[in-house]
Amino acid sequence: DAKTTQPPSMDCAEGRAANLPCNHSTISGNEYVYWYRQIHSQGPQYIIHGLKNNETNEMASLIITEDRKSSTLILPHATLRDTAVYYCIVRVRWGDFGNEKLTFGTGTRLTIIP
Amino acid sequence: EPEVTQTPSHQVTQMGQEVILRCVPISNHLYFYWYRQILGQKVEFLVSFYNNEISEKSEIFDDQFSVERPDGSNFTLKIRSTKLEDSAMYFCASNGLAGRIDTDTQYFGPGTRLTVL
């Protein structure tokens, strides 16, 4: 029951902005968009999340379309250390079981090219 | 910066043996989770734990699995009789501060690689 669709892989030149798209056309009004990444087999690392407004933190920016059916994660100046699998996840924050579990898809494998 | 820690980083065991994977969640977090990732596959939810009870569990989390918070800092996952198919990376995560609904972001530990021979 994939709620999100992401391209399986992308390349980006080092120093350029990496733009990772995510489609979530069935997103509900109370669902947030979360981004995590996983470098090699390390634990998933939280990047950013948002509901409907664009968000920015020290790692990335998140642009959510006005209809909320898609979003883009932007890494402004990609480095080799940004090579990872990036996961876009939609979820409510607090559900019937308290804090809602994360459901990971297959993500986008981003390769930063020197 | 606070972080989730896990021990051991790698555990090798014989099929049928019991293993205990340990996690120290971020201090003051109230919600705890275990996920696993079989090599080359997706990260899968196993169980969530709050207030000394299981909140939710997946189909994977059968009677061979159990979780415990034995003291104020550790959170453990026990597999009673390991199978070959239990070989995977196991990740612990935590979140949630008392009275703060904005602290729902889950933070993951580095994982324990379990190899069942």
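Caption draft 1: View of the nonpolar core. Ranked by internal contacts, the top residues of the largest apolar core, which has 22 residues, are L20, W35, L73, L75, Y86 and L110 of chain A. Sorting elements by how many residues they give to this core places strand β8 (residues 84–91) of chain A first, with four residues. Setting aside chain neighbours within four positions, we find L75 of chain A in contact with R16, A17, A18, L20, M59, A60, D82, Y86 and L110 of chain A. By size, the runner-up hydrophobic cluster in this structure holds 21 residues, among which are F49, F65, Y90 and V116 of chain B.

Caption draft 2: Representation of the sheet that holds strand β6 (residues 61–64) of chain A within the structure. Residue and element names in this part refer to chain A. Taken in spatial order, the four strands of this open sheet run β2-β7-β6-β5, and their pairing is antiparallel. At either margin of the open sheet sits one strand with a lone partner, and together these are β2 (18–23) and β5 (55–56). In this structure, β5 lies alongside β6, joined through two bridges in antiparallel fashion. Bridge assignment links E55 to a residue of β6, and that residue is L62.

Caption draft 3: The arrangement of the interface of chain B and chain A in detail. Each partner contributes to the interface: chain B provides 23 residues, whereas chain A provides 22 residues. Between chain B and chain A the total buried area reaches about 1900 Å² when both faces are included, carbon and sulfur atoms providing 55% of it. Our count for the chain B to chain A interface comes out at two salt bridges. K101 of chain A is the salt-bridge partner of E56 of chain B, the closest N and O atoms lying 2.8 Å from each other. The tally of links between chain B and chain A comes to seven residue pairs in polar contact (both at pLDDT 80 or more). With four residues, the top contributor of residues to the side of chain B that touches chain A is strand β4 (residues 31–37) of chain B. Among the residues making up the side of chain B that touches chain A, the classes are represented as eleven nonpolar, six polar and six charged.

Caption draft 4: Layout of the pairing of strand β4 (residues 45–50) of chain A. Residues and elements named next belong to chain A. Of all six residues in β4, five are buried, a share of seventy percent or more. Sheet topology note: the strand β3 (residues 32–38)/β4 ladder contains five bridges and is antiparallel. Pairing of R37 across the sheet is with Q45, part of β4. The turn linking β3 back onto β4 is made up of six residues, and H40 within it adopts a positive phi angle of 50°.

Caption draft 5: Spotlight on the state of the cysteines. Applying the stated rule across the entire model yields two disulfides over all chains. A sulfur-sulfur separation of 2.1 Å characterises the disulfide bridge that pairs C22 of chain A with C88 of chain A. Disulfide C22 of chain A-C88 of chain A: torsion about the S-S bond near -80°, hence left-handed. A residue pair is termed long-range when its members are at least 10 positions apart, and C22 of chain A in strand β2 and C88 of chain A in strand β8 qualify at 66 residues. Relative accessible area serves as the criterion here: at 1%, C22 of chain A is assigned to the buried category. What pairs with C23 of chain B in a disulfide is C92 of chain B, and their sulfur atoms sit 2.0 Å apart. In this structure, the disulfide formed by C23 of chain B and C92 of chain B twists by about -65° around the S-S bond and is classed as left-handed. Of this pair, C23 of chain B sits in strand β3 (residues 19–24) while C92 of chain B is found in strand β9 (residues 88–95), placing the two residues 69 residues apart along the sequence. What makes C92 of chain B buried here is its relative accessible area of 0%. The thiol of C12 of chain A is not disulfide-bonded; the next cysteine sulfur, from C22 of chain A, is found 18 Å away.

Caption draft 6: Representation of the environment of A13 of chain A in the model. Structurally, A13 of chain A can be placed in strand β1 (residues 9–13). Taking C-alpha positions, A13 of chain A is 6.2 Å from P114 of chain A, a pair spaced 101 residues apart along the chain.

Caption draft 7: Spatial organisation of the pattern of salt bridges. All names here are of chain A. A complete count under the given rule lists five salt bridges over all chains for this structure. Residue D82 is joined to R37 by a salt bridge in which the shortest nitrogen-to-oxygen separation is 2.8 Å. Taken together, the positions of D82 in the loop between β7 (70–75) and β8 and R37 in strand β3 put the pair 45 residues apart, joining distant regions of the chain. What makes D82 buried here is its relative accessible area of 12%. Judged by relative accessible area, R37 falls into the buried class, the value being 10%.

The rules behind the values
- Residues numbered from 1 in each chain as written.
- Chains lettered and ligands numbered in written order.
- Predicted model: local features only at pLDDT ≥ 70, side-chain atom pairs only at ≥ 80, totals over all residues.
- Heavy atoms only, no water.
- Core = buried A, V, L, I, M, F, W, Y, C linked by side-chain atoms within 4.5 Å.
- Buried < 20%, exposed > 50% of the residue type's maximum accessible area, 1.4 Å probe, protein only.
- Helix = DSSP H or I, 4+ residues; strand = E, 2+ residues; numbered from the N terminus.
- Contact = heavy atoms within 4.5 Å.
- Pairing = 2+ DSSP bridges.
- Buried area = accessible area lost by both parts, 1.4 Å probe.
- Salt bridge = Lys/Arg side-chain N within 4 Å of Asp/Glu carboxyl O.
- Polar contact = N/O pair within 3.5 Å; in protein donor to acceptor, adjacent residues only side chain to side chain.
- Nonpolar A, V, L, I, M, F, W, Y, C, P; charged D, E, K, R; others polar.
- Disulfide = S-S within 2.5 Å.

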